[in-house]
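The residues making up each chain are set out below.
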Amino acid sequence: MNFNSGTDMTNRQWNLDDIDRVEDLSYAPLEKSYLKAQAVMTALSWFGLMLLPICLFFVDEFVGRRLIVICAEAAMFTAALVNLMLLPKAYSYKGYAVREHDITYRSGIIFPKTVTVPFCKVQQVSIRQNPVTKMFGLYAVTIVNGAQILAETVIPGLTREKAEEIKSLLIEMGSNESK
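Residues numbered from 1 in each chain as written. Predicted model: local features only at pLDDT ≥ 70, side-chain atom pairs only at ≥ 80, totals over all residues. Heavy atoms only, no water.

**Some points on the pattern of salt bridges**
- Evaluation of the coordinates by the stated rule reveals three salt bridges.
- A salt bridge links D102 to R99; the nearest nitrogen and oxygen atoms lie 2.8 Å apart.
- The partly exposed category is assigned to R99, whose relative accessible area is 25%.
- When the shortest N-O distance is used, the salt bridge between R160 and E164 registers 3.7 Å. Of this pair, R160 and E164 both sit in helix 4 (residues 160-177), four residues apart, which is roughly one turn of the helix.
- For E164, a relative accessible area of 32% corresponds to the partly exposed category. (Salt bridge = Lys/Arg side-chain N within 4 Å of Asp/Glu carboxyl O. Buried < 20%, exposed > 50% of the residue type's maximum accessible area, 1.4 Å probe, protein only. Helix = DSSP H or I, 4+ residues; strand = E, 2+ residues; numbered from the N terminus.)

**A closer look at the packing of aromatic side chains**
- By the definition in use, this model includes zero aromatic pairs.
- Directly above the aromatic system of Y93 lies the positively charged group of R106, at a separation of 4.4 Å from the ring centroid. (Phe/Tyr/Trp six-rings, centres within 6.5 Å; stacked < 30°, edge-to-face > 60°. Lys NZ or Arg CZ within 6 Å of the ring centre and 35° of its normal.)

**Quick notes on the sheet that holds strand 3 (residues 113-118)**
- Strands sit in the order 1-2-3 across an open sheet of three strands; the sheet is antiparallel. The open sheet has two edge strands, strand 1 (95-98) and strand 3, and neither has a second partner. This sheet shows a mean twist of 15° between the axes of neighbouring strands, independent of strand direction. (Pairing = 2+ DSSP bridges. Axes fitted to C-alpha atoms, helices over the stretch in contact; angles between N-to-C directions.)

**As for the side chain of T153**
- Examined against the element boundaries, T153 turns out to sit in strand 6 (residues 152-158).
- The contact partners of T153, leaving out residues within four places of it in the chain, are Y105, V115, V117, V141, T142, I143 and N145. (Contact = heavy atoms within 4.5 Å.)

**Notes on the nonpolar core**
- In this structure, L30, I103, V141, I143, I155, L158 and L170 are the most contacted members of the largest nonpolar core, which totals 24 residues.
- Elements with a minimum of two residues in this core: helix 1 (33-51), strand 2 (102-107), strand 3, strand 4 (122-128), strand 5 (139-145), strand 6 and helix 4.
- Here this core takes four residues from helix 4, the largest share from any one element.
- What I143 contacts, discounting residues up to four positions off in sequence, is I103, V117, V122, Q124, A151, E152, T153, I155 and L170. (Core = buried A, V, L, I, M, F, W, Y, C linked by side-chain atoms within 4.5 Å.)

**Here we look at the sheet that holds strand 4**
- Spatially, three strands are ordered 4-5-6 in an open sheet, and the strand pairing comes out antiparallel. The outermost strands of the open sheet, each flanked by one partner alone, are strand 4 and strand 6. With direction set aside, neighbouring strand axes in the sheet form an average angle of 15°.

**Thoughts on a nonpolar patch on the surface**
- Together, F47, L51, I54, F57 and F58 make up an exposed nonpolar region whose accessible area comes to about 530 Å².
- The class for L51 is partly exposed, based on a relative accessible area of 42%. (Patch = residues over 30% accessible without salt bridge, like charges linked within 9 Å, V, L, I, M, F, W, Y side chains within 5 Å. Areas by Shrake-Rupley, 256 points an atom, 1.4 Å probe, with all protein chains shown as cover.)

**Brief notes about the environment of P156**
- Structurally, P156 is set in strand 6.
- Given a relative accessible area of 12%, P156 falls into the buried group.
- With 20 residues separating them in the primary sequence, P156 and F136 have C-alpha atoms 12 Å apart.
- In contact with P156, not counting residues within four places along its chain, are L30, Y34, Y105, Y139 and A140.

**Topic: helix 1**
- Compared with an ideal rise of 1.5 Å per residue, which puts 19 residues at 27 Å, helix 1 spans 28 Å between its outermost C-alpha atoms and is within 8% of the ideal.
- Of all the positions in helix 1, only Y34, A37, Q38, M41, T42, W46 and M50 are classed as buried.
- Buried positions along helix 1 lie against helix 2 (65-93), helix 3 (131-135) and strand 6. (Expected span 1.5 Å × (residues − 1).)

In structure tokens form, the structure reads like this:
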């Protein structure tokens, strides 16, 4: 079996200090209005959750329901406030970077996550909105790649123009990389 396809195949050792690190990338921030959209979505989610314990008032013969509801509501209200206070820090950490052969997205402050998708692995790119981001004129780019785990990467908080630009770039670079 001949593995040489006519190109010069080498197996040179690389010095890890010479490789660009994803930690050192300059990440483009998300739109400022995305923070407001996140606050609205978070508040709506917590409000919906806080309605659930109130259903206990409709259950007959449930001893101590008032105390349980008050404790549950207080715990959820505290969690909601903490969540809302952490949003600006989480927003400032989120960002994306486009390099020569891939796109990287980072998010999370408690559990940081950095996902890099090589252009040659991009299988599908779409742009989407949900009702809250639509109110703020924001879009998200969804990137589906060939991985089994983390097969979908979503870059939220973009203007329509930026989302279209990223989508076009990914499609163009993906077709060029696979040649």
